Amino acid sequence: MPKSSLHINIPGLVVNRKNKTPAYRQIYEGLRNIILNRQIREGQRLPSSRMLAEDLKVSRNIVLLAYEQLALEGYINSGVGSGSYVSKSLDQIITYPKQKVLTPNIKVSETKSFVNLKHPLSENIINTESAKSSVIPFQNGIPSFDQFPFKQWVKCANKIFREFEFLHLGYDDAQGFYPLRQSIAAYLRTNRALQCEPEQIVITNGAQQAINMIAKMLIKKNDLFWMEDPGYANAKAAFMEEGALPCYIPLSKNGINVDWAIKHYPKANLVYVTPSNQFPTGGTLPLPKRIQLLNWAHKNDMWIIEDDYDSEFRYFKKPVASLQGLDNFGRVIYLGTFSKILFPALRIGYLVLPSVEIAKTFSKAKSFFDRQNSITDQAILHEFMKQDFFASHLRKMRILYKKRQDFLCSQIHKYGKGVIRVEKQDSGMHLIGWLPDGMDDKVISEFLHSHNIISTPLSRYANKFETKPGLILGYTSFNEKYLKDYSIKLISFLKKITGSST
Ligand SMILES: Cc1ncc(COP(=O)(O)O)c(C=O)c1O
């Protein structure tokens, strides 16, 4: 319990001079009610008698009298010079009235009726993950926290706080902190071959907000959108939430099957793609397919939403130029995030819009939704990029993640014969652990979860097209000891389930 004293303005505690009840009694009764209503809880400190006397405009002795009475009756403990605290053994002397509070353990069925009091939430929102995510193998998409350069980050933060300006405290440009947009534009031009100026960038609260904003700004009811199948469920949900209808597109070995999409759904208004590293199966859309997609989008007035969520992590081949960098017609909206390179709690992502005018319009929307991202966080990130800490961290993580991927592959190859199979991936933060045909990956994932192993089933991201059964095995956040122990644990469970003795 924090030892800080209560703010002296305890709401509702007043002394009414016209009242015949003595002032000390009014204070005593007021405080007692506040304690009984549990506005102030066991162990919490009361304001000092001097401060309360000043606030209530009475003499200090009157407050002391009230405190004495409360102490006498066991509501508070007072020690000379150490302040007055609500008694920790209160529950032994009073029974609190039962309060209607929603406890964290409330069941889903109960929350549903509570939620429905206002607006019935759609399935898209109900199914969204909102709990704190655990960092245990094989949770995917989580960077290596143990290797995060805290020292450098704190150094940048200290610099920003030392040089704090009035500007940092106010309403800034909703589009995002300009120096950060400059750093991001420079980074994207050199590393991802984007055609981009800071004026085209809008800083968002993670990539998810970027997707939600696109959905709000571009989607009309009954619009058709191409959706990779399997694909990123939260993007699908965002577009459907605005009334768009998904056109599920199967994958070829290298991402979305563009020919199939054109043949089956030529009237689509938008496509959501992860061309650098298809989520979740991996694979990079080759250059000819990128050009085909861009030409189709140009001729058919289609928006391309390019989600480049983890393109930084490439381990063998050189990256293919982004769709945005190849786009001469202004059809691509590019989005990225710092969740995977730095840490998800930072909640900084960005949009690169095809023109300054469109970026200005998106900035209005950003301002309407949540006004702006935190300026201090943006300034710290800008400093981190400016000092080259960012580039150096990225280099280190590429080497580390490749090693971790290699290690996980070796463990699965060594112990998993007959029950699970993996292939090395050129990019990304997870592998797919392919299970024997006919197994239900959802059931297996649930079973593993009950034994403290996290592995999302591949079928969770599938829609119309069935996938082979597989488990998503994130490896970036776990050292070799963890990867080894958990691989052995995972494989021994799979052997038990399949009855395999190999
Ligand atoms: C494909 C894809 N896009 C976007 C996101 C959202 O990232 P952010 O944390 O920046 O909202 C994720 C998160 O895992 C993702 O996997």
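Preceding this section is the structure that the text describes.
In this text the structure is predicted, and so the values were computed from the model without any measurement.

## Comments concerning a nonpolar patch on the surface
- A cluster of nonpolar residues, Phe161, Phe164, Phe166 and Leu169, forms a patch on the protein surface that exposes about 500 Å² of accessible area.
- With respect to the element layout, Phe164 can be found in the loop between α7 (150–162) and α8 (178–192).

## Remarks on the packing of helix α2 (residues 49–56) against helix α3 (residues 60–72)
- At a minimum axis distance of 8 Å, the contact between α2 and α3 shows a crossing angle of 120°. Classified by the angle between their axes, α2 and α3 sit oblique to one another. The interaxial crossing formed by α2 with α3 has right-handed handedness. Between α2 and α3, the residues in contact are Ser49, Arg50, Leu52 and Ala53 and Arg60, Val63, Leu64 and Tyr67, respectively.
- Class assignment of the residues belonging to the contact of α2 with α3 gives a composition of five nonpolar, one polar and two charged.

## What about the nonpolar core?
- Residues Phe338 and Leu342 are the most contacted members of the largest nonpolar core, which totals 65 residues.
- If one sorts the elements of this core by residue count, helix α16 (residues 389–415) sits on top with 10 residues.
- When we break this core down by domain, the ones giving at least three residues each are domain 2 (148–391) and domain 3 (395–498).
- Among all residues touching Phe338, those that are not within four sequence positions of it are Ile184, Phe343, Leu346, Ile348, Tyr350, Leu381, Met385 and Phe390.
- The next biggest cluster of nonpolar side chains, apart from the first, holds 27 residues, and it includes Val202, Leu218, Leu270 and Trp303.

## Focus on the packing of aromatic side chains
- In total, this model carries 23 aromatic pairs according to the counting rule given.
- Relative to Phe343, the ring of Phe148 has its centre 5.2 Å away and its plane inclined at 85°; by these criteria the two rings are edge-to-face. On the criterion of sequence distance, the pair formed by Phe148 in the loop between α6 (123–126) and α7 and Phe343 in the loop between β9 (332–337) and β10 (349–352) is long-range, its members being 195 residues apart.
- With a centroid separation of 5.0 Å and 65° between ring planes, the pair formed by Phe313 and Tyr401 is classed as edge-to-face. Of this pair, Phe313 sits in the loop between β8 (303–307) and α13 (323–326) while Tyr401 is found in helix α16, placing the two residues 88 residues apart along the sequence.

## A closer look at α7
- The end-to-end C-alpha distance of α7, which contains 13 residues, comes to 18 Å, matching closely the 18 Å that a straight helix rising 1.5 Å per residue would cover.
- Burial in α7 covers these residues: Trp153, Cys156, Ala157 and Ile160. Take α7 and look down its axis: the buried residues cluster within an arc of 100°, on one side only. Set apart from the buried face of α7 by more than 90 degrees, the exposed residues are Lys151, Lys155 and Arg162.

## Comments concerning the site of the ligand
- Gly206, Ala207, Gln208, Tyr232, Tyr272, Phe279, Asp307, Tyr309, Thr337, Ser339, Lys340 and Arg347 make up every residue found near the ligand.
- The side chain of Asp307 places a nitrogen or oxygen atom 2.6 Å from a nitrogen atom of the ligand.
- Burial of the ligand by the protein chains amounts to 88% of its free accessible area of 390 Å².
- Looking at the shell around the ligand residue by residue, the classes come out as five nonpolar, four polar and three charged.

## What to know about the pattern of salt bridges
- In total, this model carries 21 salt bridges according to the counting rule given.
- In this structure, Asp308 and Arg192 form a salt bridge, with 2.8 Å as the shortest nitrogen-oxygen distance. Of this pair, Asp308 sits in the loop between β8 and α13 while Arg192 is found in helix α8, placing the two residues 116 residues apart along the sequence.
- Judged by relative accessible area, Asp308 falls into the buried class, the value being 3%.

## Focus: the packing of helix α9 (residues 206–218) against helix α10 (residues 233–241)
- Packing of α9 against α10 leaves a shortest axis separation of 8 Å and a crossing angle of 30°. Looking at the two axes, α9 sits roughly parallel to α10. In the packing of α9 onto α10, the handedness of the crossing is right-handed. Where α9 abuts α10, its residues Gln208, Ile211, Asn212, Ile214 and Ala215 lie against Asn234, Ala235, Ala238 and Phe239.
- Class assignment of the residues belonging to the contact of α9 with α10 gives a composition of six nonpolar, three polar and no charged.

## Digging into the environment of Gln411
- Topologically, Gln411 is positioned in helix α16.
- Judged by relative accessible area, which is 5%, Gln411 ranks as buried.
- Considered as a pair, Gln411 and Ser487 are 76 residues apart in the sequence and their alpha carbons are 6.6 Å apart.
- In this structure, Gln411 is in contact with Gly416, Lys484, Ser487 and Ile491, ignoring residues within four places of it in sequence.

What counts, and where the lines are drawn
Residues numbered from 1 in each chain as written. Predicted model: local features only at pLDDT ≥ 70, side-chain atom pairs only at ≥ 80, totals over all residues. Heavy atoms only, no water. Patch = residues over 30% accessible without salt bridge, like charges linked within 9 Å, V, L, I, M, F, W, Y side chains within 5 Å. Areas by Shrake-Rupley, 256 points an atom, 1.4 Å probe, with all protein chains shown as cover. Salt bridge = Lys/Arg side-chain N within 4 Å of Asp/Glu carboxyl O. Helix = DSSP H or I, 4+ residues; strand = E, 2+ residues; numbered from the N terminus. Axes fitted to C-alpha atoms, helices over the stretch in contact; angles between N-to-C directions. Parallel < 35°, antiparallel > 145°, perpendicular 65-115°, else oblique. Left-handed = near helix turned anticlockwise from the far one by under 90°. Contact = heavy atoms within 4.5 Å. Nonpolar A, V, L, I, M, F, W, Y, C, P; charged D, E, K, R; others polar. Core = buried A, V, L, I, M, F, W, Y, C linked by side-chain atoms within 4.5 Å. Buried < 20%, exposed > 50% of the residue type's maximum accessible area, 1.4 Å probe, protein only. Domains from an automatic or database assignment. Phe/Tyr/Trp six-rings, centres within 6.5 Å; stacked < 30°, edge-to-face > 60°. Expected span 1.5 Å × (residues − 1). Arc of directions from axis to C-beta. Near = heavy atom within 4 Å. Polar contact = N/O pair within 3.5 Å; in protein donor to acceptor, adjacent residues only side chain to side chain.

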